Amino acid sequence: MNHKLTHTICLLLSVSVAVTQIGAPVHAWQNTSESSLRVTVETEAENQLSDLLGVIDEYQSTLRYSESQFEYWDKQLAGNPYKILTFVSSQTSLIPYRGSLKGSRGVLMDRRGNSLDRSVLFAELLRRGKLPVQLCNTTLSDEQAKILVGQTRRFNSKRLLARQDMESKKRKSHFKKTAKHAKFALADDTVSTKLHRERLDGAVTRSVFQAGSLSKLVKADLTTKIAADQQAIESLRDHWWVRFRDGDEWIELDPTGLAEDLKLKATKTIAIDSKKIADQSIPKLLQHRIEIRVVIEQWSENKYKNHVALRHEIVPSQTMDQPIVLYHAPRKWPLGAAMPTVSDPFGSLNEQLAKQTEWVPILAIGQNPIMQKAFDHRGYILAEAKPSPFGQLGEGLTRPSQPAGILVGEWIEYEIRVPGQKPRVEKREVFRLADADHRNNKKAPQWSDTKTTKRALSLTDSIEMYPQVCNLDPAYVERVFLDSMLANRQSFLSLAPAKKRSVSELRKSLKSFAPMPSMALALAAVRSEQLNVIPEVFLSSPNLITFHQKIKTADNKKLKTCLGMDIVFNQVDVVPGTRLPQKSRVQVGVMDTNLEALMLRPCSKIENTAELYAASEKQKIGWTVIKTSGQLDAQKIPAEIKSRMADTLGSDYAIIIPKKAIEFDDKPTYGWWRINLKTGETLGIGQLGWGQAMTERTALMTNVSKRGEGLIEYVIVLSTIMICGIVSAIRSLPSWVAPAESVRRTTNRYRICVSLPDH
C-alpha cells in the first residue's frame with residue numbers, strides 16, 4: 001500500500017491547526033498573573049504564526065508546482081511541435097469517452113485523456129509556443145475505431161506512484177530542513193502519520209471485504225455481459241487531432257498516429273484563440289458540465305409547487321483551483337445581535353434564525369458570489385436578488401398580494417451533462433417538512449414552531465463542492481493548500497491577539513480573507529491515490545464530492561454542529577478488455593463510501609453505510625436485495641426513510657438494505673447500498689438520502705478552556721457566522737462581529753477535531 005499522500009494530508013491539517021491554534025498550551029496559570037501571562041502567550045503566538053508562514057513561504061518555492069506545469073514543460077519542450085508530439089503520445093494514455101472532460105491541465109496531471117483532451121493539451125503547448133493552431137475532427141468507422149482500441153490500456157501506475165512517493169519524501173525532508181533553518185519547532189508527526197496509515201489500510205481492507213460481500217448478493221445480475229468494448233468504440237469514433245501553421249503551410253499531427261496513417265480528412269475544425277488557454281476555445285456542447293439548481297417546495301392553493309431560486313452551470317475542468325460553496329444569506333439579520341460567549345457559543349443565534357423570513361441562496365465560485373433570486377417563508381420567489389452589501393440583499397423587492405403559502409422544503413439538483421449522453425440528475429435534500437403521506441396525498445402539512453426552527457437551522461447548511469475530473473497529483477494538492485495559507489498571510493497576522501483592534505479593523509481583516517480549499521478537495525486527493533492503484537478504471541465524466549457544515553438542535557435543546565461528506569457522482573469507466581467491469585465499479589463505489597468515513601473519523605462516531613455494514617456483522621443483521629417498489633413496500637421501515645429508498649430505485653438500479661434497523665450510536669439507524677445492475681456503479685446511501693458520511697459535535701466550544709478563550713474563540717465564532725450563511729462570499733460581514741476586547745484572550749487547551757486521533 002502506497003502512502004505518499006499521508007504526509008501531505010497530515011502536513012496540511014497541521015498547518016490549518018497551527019493557524020487557528022495560536023495560543024500555545026499554558027501550564028503555569030497558578031504561578032503567573034493572568035494579565036502578564038496573556039501578554040506573553042499572545043506575543044509568542046503571533047511570533048509563532050509569523051514564523052510558520054515564513055517557513056511555508058520558503059518551503060513552497062521548492063515544490064514541483066512552484067511554477068505551473070505549463071511553465072515547466074515550456075522550458076523542457078521549447079515550443080517544438082515534434083517534441084510536444086512525442087511528449088503527448090508517449091507520456092499520456094488514450095482512454096475512451098466523449099467530449100472534453102479533463103481539459104489540458106487535467107490530462108497533464110492525470111496523464112490520461114481521450115483524443116479531444118489530449119489534442120487540447122497538444123494545442124495549448126503549441127499556443128504557448130506562439131504557433132497558430134487548430135483542432136481537427138472527423139467521425140471514424142467502426143473498423144478505424146477498433147484500431148484505437150488497441151492503444152487504450154490499463155494505467156501503469158507503478159512509475160507514477162514511485163515518483164510521487166519519492167517526491168513526498170523529498171518534500172517532507174526539505175520542509176523539516178526549512179523549519180529548522182527558520183528555528184521553528186515542529187512536533188514529531190511519526191505517531192500521527194502511523195495512525196493515518198493504519199486507518200487508510202483499514203479502510204482499503206474493509207472495502208475489499210465489503211465489495212466481495214455485496215457482489216455475492218447480486219452475483220446473478222452482475223454476471224450479465226455488457227458491451228464495454230462496443231461502448232469504447234462508439235466513443236473513439238469521435239476522433240480529434242491537431243493542425244499548426246508553419247509559415248504558409250498547415251501541418252497536421254496526431255498523438256495516436258491515426259490521422260497520418262489513414263490520411264484522415266477533417267470534417268470540422270476549431271480555431272484556438274491565441275490570447276486564452278486552448279480549453280476556452282472548445283464549444284460549450286463539447287464540454288462536460290454540471291448545472292447546480294436550488295429548488296424550493298411550497299404548499300399553496302391545496303397543492304405542492306416547486307420553484308427554482310438559483311440555476312448556474314459550471315465547466316469543472318476550468319474551476320479546478322476555485323473553491324465552490326453554496327449557502328444562504330438571511331436577508332434581515334439584526335445588526336445588534338448578541339455576541340456568542342464561552343458559556344453560550346451560539347449566543348442568540350437560535351432565536352434570531354427562527355425570526356428570519358427571507359433568504360438568498362448564494363453560490364460562491366472563488367471570490368465571485370452568484371445570486372439570482374430570493375425566497376420567503378411562504379415559499380414565494382420574491383424577485384431578482386442584487387449583490388448589494390449584506391443586510392440589503394433584495395431590498396425594495398415588490399411583494400404583490402398572493403395566496404397564503406408555506407415554505408416546506410428545499411433541495412439541490414446536480415445535473416451532469418456529458419456530450420452524447422442523456423443528462424443525469426441527483427437530488428440532495430436540504431430540508432423536507434411535509435412527510436411522505438401528506439405529499440403523496442396532497443394534504444396540507446402540519447405546521448408548528450418546531451418546524452419553523454428546523455427550517456431556519458436547515459438553511460444554515462454550507463456546502464463546499466469539488467467536481468473531480470482527473471486523479472490529482474499530491475504535490476498539486478499540497479500547493480493549493482499552502483498557496484491559500486500564504487494568500488491569507490496578512491489576514492492571519494492581523495487577527496493575532498497581541499494588539500488591540502477596533503471592530504472596524506477586525507471586519508476589514510476578515511473581508512480580506514481569500515477562499516480556502518475545501519475538505520471535499522482533500523477527499524478527492526485521497527480518492528485519487530486509491531483510483532491510481534486500480535489500473536483498469538478511469539474517470540469518464542465529472543465526479544462530484546461535497547462537504548456539508550450545518551447547525552442542528554440536539555436532544556437537550558442545545559445547538560450542535562453537523563459535518564458531512566457526500567459523494568454525489570462517482571461514475572468511473574473501465575478500459576476495453578476488462579474481464580469483470582461491473583465488479584471493478586462495485587469495488588470503487590464501496591471504497592468511496594469507506595473513504596468518506598475515513599475523512600471524518602477523528603471527529604466522533606460516523607454515520608455512514610460502510611460503518612453500518614461493519615456494525616451489522618457484529619449484530620448479526622443480514623442484508624437483502626430490493627429491485628422493485630413492491631418489494632420495498634413489504635419492508636417494515638419508517639415511512640420517510642422508505643420514501644428516500646424509493647427515490648434511489650430505478651430501472652437499472654437495485655438497493656441492498658439491512659433486514660432491520662442497525663443499532664448505531666445508541667439509536668436505530670438505516671443505510672443502504674445503491675447498485676446499478678447493468679454497470680456495477682455502487683454507492684452507500686445514508687438515511688437522509690445522501691451518499692453520505694455524517695458526524696455531529698454537541699457544541700463548537702466544547703474543548704475550549706473556560707479559563708481562556710483566545711483567538712481560537714474568535715475563529716470559532718467566525719466559523720459559526722460562516723456556517724450560518726451570514727457572510728456574503730466572506731465580504732459582507734455584519735456589524736455584530738465580536739468587539740475587540742471579547743476576542744483578545746488566550747487558549748489553555750483546544751483540540752481541533754480533524755487533527756488528532758481518537759482516544
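It should be emphasised that the depicted structure is a prediction, and the values quoted were computed from it without experimental measurement. In this numbering scheme, every chain counts its residues from 1 along its sequence in written order. In keeping with the model being predicted, local features are shown solely for residues with a pLDDT of at least 70 and side-chain atom pairs are shown and tallied solely at 80 or more, while totals for entire chains, interfaces and linings include all residues. Think of the side-chain values as coming from all heavy atoms in the structure, minus any hydrogens and water.

Draft legend 1. Molecular detail of the overall build of the protein. Each helix is a run of H or I in the DSSP string that is no shorter than four residues. Each strand is a run of E no shorter than two, and both are numbered from the N terminus. Within the protein, the regular secondary structure consists of 25 helices and 28 strands. Taking all 759 residues of the protein together, 59% fall into the buried category. In the protein, the proportion of contacts linking residues at least 24 apart, taken out of those at least 6 apart, comes to 75%. Here the Shrake-Rupley method, with its probe set to 1.4 Å, supplies the accessible areas, and only the displayed protein chains count as covering residues. Accessible surface, the protein: about 31800 Å² in total, of which carbon and sulfur atoms supply 50%. Each residue's exposure class comes from its accessible area (1.4 Å probe, protein chains only) as a fraction of the maximum for that residue type: buried when under 20%, exposed when over 50%, partly exposed otherwise. For this analysis, residues touch if any pair of their heavy atoms sits within 4.5 Å.

Draft legend 2. View of the sheet that holds strand 8 (residues 303-314). Only strands that DSSP links by at least two bridges are regarded as paired with each other. What the four strands build is an open sheet, ordered 8-7-14-15; its pairing is antiparallel. With one partner strand each, in any of the chains shown, strand 8 and strand 15 (424-432) form the two edges of the open sheet. Adjacent strand axes in the sheet meet at a mean angle of 20° when their direction is disregarded. Bridge analysis of strand 7 (residues 289-300) against strand 8 gives eleven bridges, and the strand direction is antiparallel. Bridging from a neighbouring strand, Gln298 pairs with Lys305 of strand 8. Only the stretch in contact is used when a helix axis is fitted, and all axes are lines through C-alpha atoms; the angle between N-to-C directions ranges over 0 to 180 degrees.

Draft legend 3. Quick peek at the confidence of the model for the protein. Every residue is assigned a pLDDT by the predictor, reflecting its confidence on a scale from 0 to 100. Mean pLDDT over the protein: 76, with 68% of residues reaching 70 or higher. Mean pLDDT across the elements of the protein bottoms out in helix 25 (residues 740-743) (26) and peaks in strand 3 (residues 133-139) (97). Taken as a whole, residues 1-41 scores under 50 in pLDDT and shows 86 contacts with residues more than four places along the chain or in a different chain. Scored below 50 in pLDDT, residues 698-759 makes 175 contacts in the model with residues more than four places away or belonging to other chains.

Draft legend 4. Fine view of the packing of helix 3 (residues 69-77) against helix 5 (residues 103-110). At a minimum axis separation of 11 Å, helix 3 and helix 5 run at an interaxial angle of 75°. One way to sum up the angle between helix 3 and helix 5 is to call them roughly perpendicular. Residues Gln69, Phe70 and Trp73 of helix 3 touch helix 5, and the partners they reach there are Ser104, Arg105, Leu108 and Met109. Partitioned by chemical class, the residues of the contact of helix 3 with helix 5 number four nonpolar, two polar and one charged. Here the angle decides the label: under 35 degrees means roughly parallel, over 145 means roughly antiparallel, 65 to 115 means roughly perpendicular, and every other value means oblique. When residues are sorted by character, Ala, Val, Leu, Ile, Met, Phe, Trp, Tyr, Cys and Pro go into the nonpolar class, Asp, Glu, Lys and Arg into the charged class, and all the rest, Gly among them, into the polar class.

Draft legend 5. Broad picture of the sheet that holds strand 27 (residues 682-686). The four strands lie next to each other as 22-23-26-27, forming an open sheet whose pairing is antiparallel. In this open sheet, the two edge strands, each paired with only one partner strand, are strand 22 (623-626) and strand 27. Averaged over neighbouring strand pairs, the angle between their axes works out to 25° when direction is ignored. As defined by bridge partners, strand 22 adjoins strand 23 (residues 653-658) across four bridges and the pair is classed as antiparallel. Each residue of the ladder has a partner; that of Thr624, found in strand 23, is Ile657. Docked against the sheet, helix 21 (residues 609-618) engages strand 22, strand 26 (671-676) and strand 27, running at close to 110° with respect to strand 26. Against the sheet, helix 23 (residues 639-648) makes contact with strand 23 and strand 26, and its axis sits at roughly 15° relative to strand 26, the strand it touches most.

Draft legend 6. Fine view of the pattern of salt bridges. Whenever a carboxyl oxygen of Asp or Glu lies within 4 Å of a side-chain nitrogen of Lys or Arg, that contact is scored as a salt bridge. All told, the structure shown has 33 salt bridges when counted by the stated rule. For Lys284, the salt bridge is made with Glu313, and the minimal N-O distance between the two is 3.1 Å. Here Lys284 is found in the loop between strand 6 (268-271) and strand 7, whereas its partner Glu313 is found in strand 8, with 29 residues between them in sequence. Where salt bridges share partners, they join Lys284, Arg289, Glu291, Arg293, Arg311, Glu313, Glu413, Glu415 and Arg417 into one cluster.

Draft legend 7. Layout of the packing of helix 19 (residues 519-532) against helix 20 (residues 581-600). The N-to-C vectors of helix 19 and helix 20 enclose an angle of 135°; their axes lie 10 Å apart at closest approach. The orientation of helix 19 relative to helix 20 falls into the category oblique. The two elements helix 19 and helix 20 cross, and the hand of that crossing is right-handed. On helix 20, the residues touching Met519, Ala522, Leu523, Val526, Arg527, Gln530 and Leu531 of helix 19 are Val588, Met591, Asp592, Leu595, Glu596 and Met599. Considered class by class, the residues forming the contact of helix 19 with helix 20 number nine nonpolar, one polar and three charged. In this scheme the handedness of a crossing depends on how the near helix is turned from the far one: anticlockwise by less than a right angle means left-handed, clockwise means right-handed.

Draft legend 8. View of the environment of Asp566. If you trace the backbone, Asp566 turns up in strand 19 (residues 559-569). Between the alpha carbons of Asp566 and His548 there is a distance of 7.8 Å; along the sequence they are 18 residues apart. Between N or O atoms, a polar contact is any pair within 3.5 Å; within protein, one atom must be a potential hydrogen donor and the other a potential acceptor, and residues adjacent in sequence are included only when both atoms are from side chains. Only 2.7 Å separates the side chain of Asp566 from the side chain of Arg428, close enough to count as a polar contact.

Draft legend 9. A look at the packing of aromatic side chains. Ring pairs are drawn from Phe, Tyr and Trp, using the six-membered ring of Trp, whenever the two centres fall within 6.5 Å, and their geometry is named by plane angle: stacked under 30 degrees, edge-to-face over 60, tilted for the rest. Summed over the entire model, instances satisfying the criterion amount to six aromatic pairs. Each ring, one from Tyr613 and one from Trp623, has its centre 4.8 Å from the other, and the planes form 55°; the classification is tilted. Taken together, the residues Tyr613 in helix 21 and Trp623 in strand 22 connect sequence positions ten residues apart. Take Tyr613 and Trp623: they sit in the same class, and that class is buried. These aromatic residues form a ring-pair network of at least three members: Tyr72, Trp73 and Phe87. In this scheme, Lys NZ or Arg CZ marks a charge over a ring once it lies within 6 Å of the ring centre and within 35 degrees of the ring normal. Positioned over the ring face of Tyr653 is Arg674, at 5.1 Å from the centre of the ring.

Draft legend 10. Geometry of helix 16 (residues 474-487). Between the first and last C-alpha of helix 16 there are 20 Å, a value that for 14 residues agrees with the 20 Å anticipated at 1.5 Å per step. In terms of burial, helix 16 is a largely internal element, twelve of the 14 residues being buried. Inspection of helix 16 places Pro474, Ala475, Tyr476, Val477, Glu478, Arg479, Val480, Phe481, Leu482, Ser484, Met485 and Leu486 among the buried residues, and these make up the whole buried set. Given a helix with a known number of residues, its expected span is that number minus one, times 1.5 Å.

Draft legend 11. Expanded view of unusual backbone geometry. Positive phi outside glycine occurs at Asn302, with the angle close to 65°. Inspection of the secondary structure puts Asn302 in the loop between strand 7 and strand 8. Residue classification places Asn302 among the exposed residues on the basis of a relative accessible area of 63%. Although it is not a glycine, Lys620 adopts a positive phi angle of roughly 55°. Position of Lys620 among the secondary structure elements: in the loop between helix 21 and strand 22.

Draft legend 12. Here's a closer look at the pairing of strand 14 (residues 405-417). Of all 13 residues that make up strand 14, eleven are buried, and the element is covered over most of its length. Pairing of strand 7 with strand 14, which is carried by twelve bridges, proceeds in the antiparallel orientation. The partner of Glu291 across the bridge, within strand 14, is Glu415. Taken together, the eight bridges between strand 14 and strand 15 define a ladder with antiparallel strand orientation. Its bridge partner being in strand 15, Glu415 is matched across the sheet by Val425. Between strand 14 and strand 15, which pair antiparallel in sequence order, lie six residues; one of them, Gly420, sits at a positive phi of approximately 85°.

Draft legend 13. Highlighting the side chain of Asn594. Relative to the helices and strands, Asn594 resides in helix 20. Ignoring any residue separated from it by four or fewer positions in sequence, one finds Asn594 in contact with Ala203, Arg206, Ser207, Gln210 and Ala610.

Draft legend 14. Focus on the nonpolar core. Residues belong to a common nonpolar core when they are buried Ala, Val, Leu, Ile, Met, Phe, Trp, Tyr or Cys residues joined through side-chain atoms within 4.5 Å. In this structure, Leu472, Met565, Met645 and Ile655 are the most contacted members of the largest nonpolar core, which totals 57 residues. Not counting residues within four places of it along the chain, the set of residues in contact with Met565 comprises Met519, Ala520, Leu523, Ile545, Thr546, Phe547, Glu596, Met599, Leu600, Gly691, Gln692 and Ala693.

Draft legend 15. Spotlight on the pairing of strand 26. In terms of burial, strand 26 is a largely internal element, six of the six residues being buried. Residues Gly671, Trp673 and Ile675 line one face of strand 26 and the alternating positions Trp672, Arg674 and Asn676 line the opposite face, and both faces are buried. Pairing of strand 23 with strand 26, which is carried by four bridges, proceeds in the antiparallel orientation. By the bridge assignment for strand 26, Ala654 is matched with Ile675. In terms of strand pairing, strand 26 meets strand 27 through five bridges, oriented antiparallel. Within strand 27, the position partnered with Gly671 by the bridge is Gly686. Count of turn residues in the strand 26/strand 27 antiparallel hairpin: five residues, of which Gly680 carries a positive phi of about 90°.

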